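# Descriptive structure summary
Here's the letter readout for the chains.
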Amino acid sequence: MYGPSGQKGVEDVVEVRAFGMDKGDQVIRFLRPTLDAADFYNSPMFADPDPESGLGGWGNPDTDALVVDGAFAGFKLSYPYPHTLTRNFTARPFLDYPDAEMWRIDRDRMASPSFTPEAIEKTINGWTGDYRGFQFDVEIMQASHSSVHAIMGG
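Basis of the calculations
- Residues numbered from 1 in each chain as written.
- Predicted model: local features only at pLDDT ≥ 70, side-chain atom pairs only at ≥ 80, totals over all residues.
- Heavy atoms only, no water.
- Helix = DSSP H or I, 4+ residues; strand = E, 2+ residues; numbered from the N terminus.
- Buried < 20%, exposed > 50% of the residue type's maximum accessible area, 1.4 Å probe, protein only.
- Contact = heavy atoms within 4.5 Å.
- Areas by Shrake-Rupley, 256 points an atom, 1.4 Å probe, with all protein chains shown as cover.
- Phe/Tyr/Trp six-rings, centres within 6.5 Å; stacked < 30°, edge-to-face > 60°.
- 1 Å grid on protein atoms, 1.4 Å probe; cavity = no way out; pocket = protein on both sides within 12 Å on 5 of 7 lines; lining within 4 Å.
- Points joined across faces, edges and corners; volume = space filled by probe spheres on them.
- Nonpolar A, V, L, I, M, F, W, Y, C, P; charged D, E, K, R; others polar.
- Arc of directions from axis to C-beta.
- Patch = residues over 30% accessible without salt bridge, like charges linked within 9 Å, V, L, I, M, F, W, Y side chains within 5 Å.
- Salt bridge = Lys/Arg side-chain N within 4 Å of Asp/Glu carboxyl O.
- pLDDT = per-residue confidence, 0-100.
- Core = buried A, V, L, I, M, F, W, Y, C linked by side-chain atoms within 4.5 Å.

### Regarding the overall build of the protein chain
- The number of helices and strands found in the protein chain is five helices and four strands.
- Listed by position from the N terminus, the elements making up the protein chain come as α-β-β-α-β-β-α-α-α.
- Of all 154 residues assigned to the protein chain, the portion counted as buried reaches 31%.
- Sequence separation of 24 or more characterises 34% of the internal contacts of the protein chain that already satisfy a separation of 6 or more.
- As presented, the protein chain carries roughly 10100 Å² of accessible surface, and 56% of it is formed by carbon and sulfur atoms.

### So, the packing of aromatic side chains
- Taken as a whole and assessed by the stated rule, the structure comprises 10 aromatic pairs.
- For the pair F40 and W58, a centre-to-centre distance of 6.1 Å together with 55 degrees between the ring planes defines the contact as tilted. Within this pair, whereas F40 is found in the loop between α2 (33–36) and β3 (76–77), its partner W58 is found in the loop between α2 and β3, the two being separated by 18 residues in sequence. The two residues F40 and W58 agree in class, both being buried.
- Put simply, the rings of F40, Y41, F46, W58, F89 and F115 pair up and form one aromatic cluster.

### Brief notes about the environment of F46
- Looking at where F46 falls in the secondary structure, it is placed in the loop between α2 and β3.
- Expressed as a C-alpha distance, the spacing of F46 and G57, which sit 11 residues apart in the sequence, is 4.6 Å.
- Discounting chain neighbours no more than four positions away, the residues touching F46 are F40, G56, G57, W58, R87 and M152.

### Some details on the layout of surface pockets
- Roughly 380 Å³ of internal volume is contained in the second largest pocket.
- Lining the second largest pocket are 16 residues, and of these R109, D137, I140, Q142 and A143 lie nearest its centre.
- Of all elements in the fold, only α3 (117–125) and α4 (131–139) reach the threshold of two or more residues within the lining of the second largest pocket.
- Split into classes, the residues belonging to the lining of the second largest pocket amount to seven nonpolar, four polar and five charged.

### So, α4
- For α4, the set of buried residues is G133, D137 and V138. Seen from one end, α4 has its buried residues packed into an arc of 130 degrees, which puts them on one side. In α4, the exposed positions angled more than 90 degrees off the buried face are occupied by Y131, R132 and F136.

### Thoughts on a nonpolar patch on the surface
- A cluster of nonpolar side chains, I124, W127, Y131 and F134, forms an exposed patch at the surface whose accessible area comes to about 420 Å².
- Along the polypeptide, F134 turns up in helix α4.
- Residue classification places F134 among the partly exposed residues on the basis of a relative accessible area of 31%.

### Quick word on the confidence of the model for the protein chain
- In this model, the protein chain carries an average pLDDT of 79, and 79% of its residues clear a pLDDT of 70 or more.
- Taken as a whole, residues 1–21 scores under 50 in pLDDT and shows 44 contacts with residues more than four places along the chain or in a different chain.

### Examining the nonpolar core
- Ranked by size, the top nonpolar core spans 14 residues in total, and within it F40, F46, W58, F115, V148, I151 and M152 carry the most contacts.
- Non-local contacts of W58, meaning those with residues more than four positions away in its chain, are made with F40, Y41, F46, R87, N88, F89, I151 and M152.

### Some details on unusual backbone geometry
- A cis geometry characterises the amide bond from Y79 onward to P80, with omega recorded as -5 degrees.
- Position of P80 among the secondary structure elements: in the loop between β3 and β4 (83–84).
- One non-glycine residue, D99, lies in positive phi territory at about 60 degrees.
- Taking relative accessible area as the criterion, D99 reaches 47% and is therefore assigned partly exposed.
- A positive phi is found at R104, a non-glycine position, where the angle reads about 55 degrees.
- In this structure, R104 sits in the loop between β4 and α3.
- You can call R104 exposed: its relative accessible area is 77%.

Take a look at the structure:
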């Protein structure tokens, strides 16, 4: 099965819950948070330890959550300071958020409800003709975009 771009359809190259694009002998995986919101920790997205094409799993808690497998194992970053990539699953990443009151953050809120299919549908269709409203709905601290980063610890 081929999609509009002429690429093989996702059904042919990856599991239904992990979205990808076939690049010859390699599959490039993309996150499908709406499909994984119910159980983000066990997403197949983080189950591939392949050192060339896999994203690797969650970070090792014994090494400060450093990613230890997959293509991003030992990956060095320089922003905002030099460090090695970590991936630390946190279902409630806003519990200790500084200045929570100023940013109107609900400290007890779990991150995954912000990217359920219903939440994404509301964001996409709730702002017809209002780009600023759409942008705000996507980018506020506990919205879909920031919550995906926060749940992974970065």
